[in-house]
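Chain by chain, the residues run as shown.
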Amino acid sequence: MQNMRSDLKKVTIIGSGAWGSALTSLVKTNQHHLQVWSRQSPYSLAEAVADSDAIISAVSMKGVRVIAETLQTVKLLPHAVLVSATKGLETITGQTPSQIWQSLIPDHPLVVLSGPNLSEEIMAGKPAATVVASKDENAAQLIQHIFASRNFRVYTNSDPVGVELGGTLKNVIAIAVGACDGLNLGTNAKSALITRSLIEIIRVGVYFGAQPETFWGLSGLGDLLATCNSNLSRNYQVGYAIAQGQSLETAIANIHGTAEGVNTASVLVGICDREKIYVPVSRYVHRLLKGEITLQQAVEGLMERDLKPEN
Ligand SMILES: NC(=O)c1ccc[n+]([C@@H]2O[C@H](COP(=O)([O-])OP(=O)(O)OC[C@H]3O[C@@H](n4cnc5c(N)ncnc54)[C@H](O)[C@@H]3O)[C@@H](O)[C@H]2O)c1
Ligand SMILES: O=P(O)(O)OC[C@H](O)CO
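Residues numbered from 1 in each chain as written. Chains lettered and ligands numbered in written order. Predicted model: local features only at pLDDT ≥ 70, side-chain atom pairs only at ≥ 80, totals over all residues. Heavy atoms only, no water.

## Brief notes about the nonpolar core
Nonpolar side chains in soluble globular proteins tend to be buried together.
And then number 1: Residues Val 204, Val 238 and Leu 289 are the most contacted members of the largest nonpolar core, which totals 49 residues.
And then number 2: Broken down by element, this core gets its largest block of residues, eleven residues, from helix 7 (residues 160-182).
And then number 3: In terms of nonpolar packing, the next biggest core, distinct from the first, is built from 24 residues, Ile 13, Trp 19, Ala 22 and Ile 56 among them. (Core = buried A, V, L, I, M, F, W, Y, C linked by side-chain atoms within 4.5 Å. Buried < 20%, exposed > 50% of the residue type's maximum accessible area, 1.4 Å probe, protein only. Helix = DSSP H or I, 4+ residues; strand = E, 2+ residues; numbered from the N terminus.)

Here is the structure:
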């Protein structure tokens, strides 16, 4: 890329799990000054972010608020850009990661990074694309240039909540699709499940104030396809394992890393109950995970709903 060498930045990545490690490898490719912080680091978070132009959070949902609260008390460079790469919803508040970041640290530009990005493929150097979304165009462009490389194509977008929700809500659907594949229900069923799920993702997105068209892009349909078509996805693995007869607890214990869709399903259904948003696939996933119904009952329940127009 012709514009990569002109302006090296100091970048801090928070979190060294699967996603933090993949983002670290991408930043290293472009030779920015990189600092990685995790709870195991021998230095403080304050030290790790001192003088950083860009601070990228790749922790799982349960760590977002505590990290943002810590950073709230730390002196950052005035122009420092915050980047949220987490895909989840907070249990108590129902907030997205970017809503938490924005409310706690409102004086810094915030960028959401999300797309069809299975970390193992990125670590293997395979080509991928992602989206960096912000209300601040300059901030989005800065992050675009920090990450873009020959193997990683980065698009900007001005709908951060839409980009974030695409990545978050597809995790619930990937559990359903993993179960569909685990039961060997076939390609017709899988295609119907993915397509109808996109409609329900858009319904939720509109409630959060997202632009519907965002969900047709990389961070919406793109990520839905990646996650529902790959057994590298931890969420897909959870659904598949349940269809093979494993309990939720065993399925979670057997996967490497975090399947955010399990918690997201519960938070999402709480929001949709309150706001009367129709999310049948996510609701059946939630009931299945809670042990209220069997997988067979979930399939029957989805198929036997009242007939209706497609739109
Ligand atoms: N792995 C992927 O392919 C991928 C791709 C895109 C987005 N994501 C998203 O990125 C997030 C992280 O996923 P992951 O795959 O790296 O999970 P992971 O389980 O591998 O790692 C989670 C990281 O969060 C850290 N963490 C959790 N709670 C913390 C706290 N209280 N304080 C500090 N750190 C804390 C853990 O120490 C760990 O480093 C998730 O929201 C996931 O949906 C993952
Ligand atoms: O492994 P999963 O299911 O968390 O999915 C990883 C990424 O979100 C895919 O884009």
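## Here we look at the confidence of the model for the chain
And then number 1: On average, the chain scores 96 in pLDDT, and the residues at 70 or more come to 98%.
And then number 2: The low-confidence segment residues 1-5 (pLDDT under 50) makes eleven contacts with residues lying over four places distant or belonging to another chain.
And then number 3: Taken together, the chains of this predicted complex give a pTM of 0.97 and an interface ipTM of 0.98. (pLDDT = per-residue confidence, 0-100. Contact = heavy atoms within 4.5 Å.)

## Brief notes about the site of ligand 1
And then number 1: Close to ligand 1 lie 22 residues, the nearest being Ala 18, Trp 19, Ser 119, Thr 258 and Glu 260.
And then number 2: Between Ala 18 and ligand 1, the recorded distance is 2.9 Å, taken from a backbone N or O atom to an oxygen atom.
And then number 3: In the model, an oxygen atom of ligand 1 is placed 3.4 Å from a nitrogen or oxygen of the Asn 117 main chain.
And then number 4: Relative to its unbound accessible surface of 820 Å², ligand 1 loses 87% to contact with the protein.
And then number 5: For the shell around ligand 1, the secondary-structure elements that each account for two or more residues are helix 1 (18-29) and helix 3 (61-72). (Near = heavy atom within 4 Å. Polar contact = N/O pair within 3.5 Å; in protein donor to acceptor, adjacent residues only side chain to side chain. Areas by Shrake-Rupley, 256 points an atom, 1.4 Å probe, with all protein chains shown as cover.)

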